[in-house]
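# Coordinates in review
One-letter residues, chain by chain:
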Amino acid sequence: MKRFSLTAAMVALLCLHSGIAAAVSDLPADIVTGLLPLTSYAIAYFKGDDEGKNQFLRSNIVSLIATTTLRVAFNGTSWGERPNGNEYAFPSGHAAFVTSSAAFLQDRYGWKYGLPAYALVGYVSYVRVENDHHRWRDIIAGTALSYGISKLFVTPQNATHIAPVIGPGYLGLRWERSF
């Protein structure tokens with residue numbers, strides 16, 4: 001029942017936006033940008049997944065630092081100017097922030113959590129481009145950065161790892177399973 005409620009809430013937020021409308025409001029996308037990370041952390045919390053909560057925080061903090069560093073570095077270039085003339089365009093902070101949460105959900109709990117979250121990433125990305133806050137290159141860069149960082153910091157909840165072990169006088173495999 002909880003999964004259905006979460007999915008229904010995400011779909012309802014998506015329906016707040018009409019792609020046909022000439023003027024696309026930022027407010028629903030901004031709400032999604034704030035709620036998706038909170039929802040991701042809440043899922044880990046209610047699952048009693050302490051390691052997941054830590055991985056979420058590490059992944060998001062590193063993503064935030066990397067995105068901010070790049071935004072400052074590119075701000076003095078043509079890539080730092082938004083289509084609406086404002087600064088700090090590349091990479092997109094909104095896209096990076098929601099992608100970090102979506103990637104966490106997918107990497108940690110699988111596609112049943114990740115797919116609705118990635119749909120919300122697409123929605124936020126579309127709104128940011130449609131309202132001239134970013135270009136698609138900004139969105140792609142922010143998304144790719146956070147996705148890659150998540151791959152470094154987040155492991156599946158019940159992961160099985162098999163790794164070769166080579167030492168002086170022996171060769172073998174090591175099997176690990178996290179619970």
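About the criteria used
Residues numbered from 1 in each chain as written. Predicted model: local features only at pLDDT ≥ 70, side-chain atom pairs only at ≥ 80, totals over all residues. Heavy atoms only, no water. Salt bridge = Lys/Arg side-chain N within 4 Å of Asp/Glu carboxyl O. Helix = DSSP H or I, 4+ residues; strand = E, 2+ residues; numbered from the N terminus. Buried < 20%, exposed > 50% of the residue type's maximum accessible area, 1.4 Å probe, protein only. pLDDT = per-residue confidence, 0-100. Contact = heavy atoms within 4.5 Å. Polar contact = N/O pair within 3.5 Å; in protein donor to acceptor, adjacent residues only side chain to side chain. Expected span 1.5 Å × (residues − 1). Arc of directions from axis to C-beta.

In this structure the tally under the stated criterion is five salt bridges. Salt-bridge contacts for aspartate 107 lead to lysine 151; the nearest nitrogen and oxygen are separated by 2.6 Å. Here the residue aspartate 107 occupies a position in helix α4 (residues 93-109), and lysine 151 occupies one in helix α6 (residues 136-153), the gap between them amounting to 44 residues. For aspartate 107, a relative accessible area of 9% puts it in the buried group. The salt bridge involving aspartate 138 is made with arginine 137; its shortest N-O contact spans 3.7 Å. According to the relative accessible area criterion, arginine 137 is partly exposed, its value standing at 29%.

We now examine the confidence of the model for the chain. A residue-level look at the chain finds 80% of positions with pLDDT of 70 or above and a mean pLDDT of 78. Between residues 8-23, whose pLDDT stays under 50, and residues either more than four places distant or in other chains, the model counts 17 contacts.

All right, on to the environment of tyrosine 109 then. Within the fold, tyrosine 109 resides in helix α4. Sequence separation between tyrosine 109 and proline 156 is 47 residues, and the spatial gap between their C-alpha atoms is 6.3 Å. The residues contacting tyrosine 109, other than those within four sequence positions of it, are Ile43, Ala44, Lys47, Asp49, Gly52, Phe104 and Gln157. Here aspartate 49 takes part through its side chain, which lies 2.7 Å from a polar atom of the side chain of tyrosine 109.

This part takes up α6. When the terminal C-alpha atoms of α6 are compared, their 26 Å separation across 18 residues agrees well with the 26 Å that a helix rising 1.5 Å per residue should span. Every buried residue of α6 is listed here: Asp138, Ile139, Ala141, Gly142, Ser146, Ile149 and Ser150. Mapping the buried residues of α6 onto a view down its axis gives an arc of 170°, with all of them on the same face. In α6, the exposed positions angled more than 90 degrees off the buried face are occupied by Ile140 and Leu152. Residues of α6 that are buried make contact with α3 (50-74), α4 and α5 (111-130).

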